[in-house]
Amino acid sequence: CNSIRVVAYLPQIHKAATDKHGASSISFMTWALFLIAHLSTVAYALVNRSDWGLATCFSINALCCVAILAIAYWKRRSARREPLYAAPPAISATT
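Summary of the structure given here. (Residues numbered from 1 in each chain as written. Predicted model: local features only at pLDDT ≥ 70, side-chain atom pairs only at ≥ 80, totals over all residues. Heavy atoms only, no water.)

Quick look at the overall build of the chain
What counts is decided by this rule: Helix and strand assignments follow DSSP, with helices taken as H or I runs no shorter than four residues and strands as E runs no shorter than two, numbered in order from the N terminus. Think of it in three bands: residues with accessible area under 20% of the maximum for their type are buried, residues over 50% are exposed, and the middle band is partly exposed, with areas taken using a 1.4 Å probe on protein chains only. Contact definition: two residues touch when any of their heavy atoms are within 4.5 Å. Each accessible area is a Shrake-Rupley estimate made with a 1.4 Å probe; only the visible protein chains count as cover when residues are assessed.
Counting its regular elements, the chain contains three helices and zero strands. Counting helices and strands in the order they occur from the N terminus, the chain gives α-α-α. Out of the 95 residues belonging to the chain, those deemed buried represent 26%. Restricting to contacts in the chain with at least 6 residues of sequence separation, those with at least 24 account for 75%. For the chain, the exposed surface amounts to about 7,000 Å²; the carbon and sulfur share of it is 67%.

Right, dumping it as structure tokens:
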């Protein structure tokens, strides 16, 4: 069932990548907490259970969280560089 969750990340990744407003709807705090939770589960799976299947599944979940965070960071950084209003076209005085 948890492997199906990976598919659920795809719409969020797509939404963040195609957002025109700096991915403002993506919460860094929420996705960072998801990332920490997934990484701690990977550590638990490897250290306490030696369960490579569980570790792999949650590693993929963690990579999806990293993808969302990276895209949102890139989009917000790009949005800050763009001017809010485009300068009006220059009017030339031709006579």
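Still more to cover.
Brief notes about the environment of Lys20
Looking at the secondary structure, you find Lys20 in the loop between helix H1 (2–18) and helix H2 (28–49). A relative accessible area of 73% places Lys20 in the exposed class. Once the C-alpha coordinates of Lys20 and Arg76 are considered, the two residues, 56 residues apart in sequence, prove to be 9.7 Å apart.

Thoughts on the packing of aromatic side chains
Filter applied, for reference: Paired rings are identified among Phe, Tyr and Trp, the last through its six-membered ring, by centres lying within 6.5 Å, and are further divided according to the angle between planes into stacked (under 30 degrees), edge-to-face (over 60) and tilted (the rest).
One pass over the structure, following the stated rule, counts two aromatic pairs. Summarising the aromatic geometry, the rings of Tyr9 and Trp31 are spaced 5.9 Å apart at their centres and angled 55 degrees between planes, so their arrangement reads as tilted. With Tyr9 in helix H1 and Trp31 in helix H2, this residue pair connects regions lying 22 residues apart in the sequence. With a relative accessible area of 11%, Trp31 lands in the buried category. With a centroid separation of 5.1 Å and an interplanar angle of 85 degrees, the aromatic rings of Trp31 and Phe34 are classed as edge-to-face. Here the residue Trp31 and the residue Phe34 both occupy positions in helix H2, the gap between them amounting to three residues, near one helical turn.

Side note on the side chain of Asn61
Along the chain, Asn61 turns up in helix H3 (residues 52–81). Ignoring any residue separated from it by four or fewer positions in sequence, one finds Asn61 in contact with Asn2, Arg5, Val6, Tyr9 and His38.

Topic: a nonpolar patch on the surface
For the record, the criterion: Each patch is assembled from residues with relative accessible area greater than 30% and no salt bridge, linking like charges that lie within 9 Å and nonpolar side chains (Val, Leu, Ile, Met, Phe, Trp, Tyr) that lie within 5 Å. In the sections that follow, a salt bridge refers to a side-chain nitrogen of Lys or Arg positioned within 4 Å of a carboxyl oxygen of Asp or Glu.
On the surface, Met29, Leu33 and Ile36 cluster together into a nonpolar patch covering about 340 Å² of accessible area. Turning to its location among the elements, Met29 is positioned in helix H2. Accessibility expressed as a relative area gives 58% for Met29, which makes it exposed.

Comments concerning the nonpolar core
Keep this limit in mind: Definition of nonpolar core: a set of buried residues of the types Ala, Val, Leu, Ile, Met, Phe, Trp, Tyr and Cys, connected through side-chain atoms within 4.5 Å.
Counting residues in hydrophobic clusters, the biggest one holds 14 residues, and the most contacted among them are Tyr9, Ile13, Ile26, Trp31, Leu35, Cys65 and Ile68. Within the residue set of this core, elements represented by two or more residues are H1, H2 and H3. By residue number, the principal contributor to this core is H3, which donates seven residues. The contact partners of Cys65, leaving out residues within four places of it in the chain, are Tyr9, Trp31, Phe34, Leu35 and His38.

By themselves, these figures tell us nothing about what the structure is for.
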